[in-house]
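For reference, the chains in residue letters:
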Amino acid sequence: MNIKEIHIRYSEYDSQEQLSPEDRELALAAIRAAGNAYTPYSHFNVGAAIRLSGGEIVTGANQENMAFPSGLCAERTAMFHAASHHPDKAMETLALAAIQDGKLCPVPATPCGACRQVMAEYQSRGGRPMEILMVGAEKIWKFSRVDDMLPLIFDSLKNK
Ligand code: THU
């Protein structure tokens, strides 16, 4: 029997000023996109912004529904939009930000498991690492690839 360990690595920033100009622009786009969230049930507004290869930015916001599972997170809304409108472009960086009670959450919101699985698949389809930028008011976390957020991901189908 062997004990195995998996290490993950990410960068932490204390403010948006510490980000590169491109990442700062994407962070602001995610914050702005949260303004289009439809959240009558949770009142938790999430925005996501994706920089595509070529530089274009597409955004999404979480959309809720009275028939509860029918809504969708901001990240998947943005990714499905990107894949539907720009299928040949890789998703280089995805930023997300959550607004509660009118304020950017101090601690960065982290993507749910289903969104991570979808990120992993589009990363693989894009053929390059997808960076994830989680934007909080007091901290910003940056992952340089989806793998670090989802070790031992389900990808068995593609080996068949
Ligand atoms: N939500 C997102 O949009 N992204 C996340 O990363 C976590 C959760 C949404 C789903 C739901 O509309 C609300 O936040 C509360 O869970």
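Residue numbers run consecutively from 1 along every chain, following the written order of its sequence. Totals for whole chains, interfaces and linings use every residue, but because this is a predicted model, local features are given only for residues with pLDDT of at least 70 and side-chain atom pairs only at 80 or more, for both listing and counting. Processing note: side-chain calculations cover all non-hydrogen atoms of the structure and skip hydrogens and water entirely.

Attention shifts here to the site of the ligand. It suffices for a single heavy atom of a residue to lie within 4 Å of a molecule or strand for the residue to be listed as near it. In the region of the ligand, the neighbouring residues are Ser42, Phe44, Val46, Asn62, Glu64, Cys73, Ala74, Glu75, Thr110, Pro111 and Cys112. At 2.5 Å, a side-chain N or O of glutamate 64 approaches an oxygen atom of the ligand. Within the contact set of the ligand, an oxygen atom lies 2.9 Å away from a backbone nitrogen or oxygen of alanine 74. Each accessible area is a Shrake-Rupley result for a 1.4 Å probe, and residues are judged covered by the shown protein chains and nothing else. Summarising the interface, the protein chains cover 74% of the accessible area of the ligand, which totals 370 Å² for the free molecule. Of all elements in the fold, only strand S2 (44-52) and helix H2 (74-85) reach the threshold of two or more residues within the shell around the ligand. Polarity classes work like this: nonpolar for Ala, Val, Leu, Ile, Met, Phe, Trp, Tyr, Cys and Pro, charged for Asp, Glu, Lys and Arg, and polar for all others, with Gly in that last group. Grouping the amino acids of the shell around the ligand by side-chain chemistry returns six nonpolar, three polar and two charged. Here a polar contact is taken to be a pair of N or O atoms separated by no more than 3.5 Å, where protein atoms must pair a possible hydrogen donor with a possible acceptor and residues adjacent in sequence count only if both atoms sit in side chains. In DSSP terms, a helix is any run of H or I states spanning at least four residues, a strand is any run of E spanning at least two, and both are numbered starting from the N terminus.

It is generally the case that most residues other than glycine have a negative phi and that most peptide bonds are trans. Residues other than glycine seldom take positive phi values, yet histidine 43 does so here, at roughly 55°. Looking at where histidine 43 falls in the secondary structure, it is placed in the loop between helix H1 (21-33) and S2. When accessible area is computed with a 1.4 Å probe and restricted to protein chains, residues below 20% of their type maximum are described as buried, those above 50% as exposed, and intermediate ones as partly exposed. For histidine 43, a relative accessible area of 55% gives the class exposed.

Turning next to the UniProt feature "domain: CMP/dCMP-type deaminase" (unreviewed entry) in the chain. UniProt positions are given in the numbering used here, feature names are shortened, and annotations may be inferred rather than shown by experiment. Within the UniProt annotation, "domain: CMP/dCMP-type deaminase" (unreviewed entry) is assigned to residues 21-157. For residues 21-157, the end-to-end C-alpha separation is 38 Å, with 28% helix and 26% strand making up the annotated structure.

Below, the discussion takes up the nonpolar core. Buried residues of nine kinds, namely Ala, Val, Leu, Ile, Met, Phe, Trp, Tyr and Cys, make up a nonpolar core once their side-chain atoms join them within 4.5 Å. Of all hydrophobic cores here, the largest spans 28 residues; its most connected members are Ile50, Met79, Met91, Leu94, Met119, Met130 and Ile132. Contributing elements (two or more residues each) for this core: S2, H2, strand S4 (91-100), helix H3 (113-126), strand S6 (131-135) and strand S7 (140-143). The contact criterion used throughout is that any non-hydrogen atoms of two residues lie within 4.5 Å. Ignoring anything within four residues of it in the chain, the contact list for leucine 94 reads Leu26, Ala48, Ala49, Ile50, Glu75, Met79, Met119, Met130, Glu131, Ile132 and Leu133. By size, the runner-up hydrophobic cluster in this structure holds 15 residues, among which are Ala27, Ala95, Val135 and Ile140.

Here a cavity denotes grid points, spaced 1 Å and computed from the protein atoms alone, that fit a 1.4 Å probe unable to get out, and a pocket denotes an open set having protein on both sides within 12 Å along at least 5 of 7 lines; residues with an atom within 4 Å of a point are the lining. Grid points are joined across faces, edges and corners, and a volume is the space filled by probe spheres set on the points. Put simply, the largest pocket is a space of about 410 Å³. Lining the largest pocket are 20 residues, and of these Ala120, Ile153, Phe154, Asp155 and Lys158 lie nearest its centre. Of the residues in the lining of the largest pocket, the class split is ten nonpolar, four polar and six charged.

Pairing of aromatic rings covers Phe, Tyr and Trp, the last counted by its six-membered ring, and requires centre-to-centre distances within 6.5 Å; plane angles under 30 degrees mean stacked, over 60 mean edge-to-face, and any other angle means tilted. Taken as a whole and assessed by the stated rule, the structure comprises three aromatic pairs. Ring centres 5.8 Å apart and planes at 65° place the aromatic pair tyrosine 10 and tryptophan 141 in the edge-to-face group. Linking tyrosine 10 in the segment before strand S1 (11-13) with tryptophan 141 in strand S7, this pair joins segments that are 131 residues apart in sequence. The exposure class of tryptophan 141 is buried, given its relative accessible area of 17%. Here tyrosine 10 and phenylalanine 143 contribute two aromatic rings whose centre-to-centre distance is 4.7 Å and whose plane-to-plane angle is 10°, an arrangement assigned as stacked.

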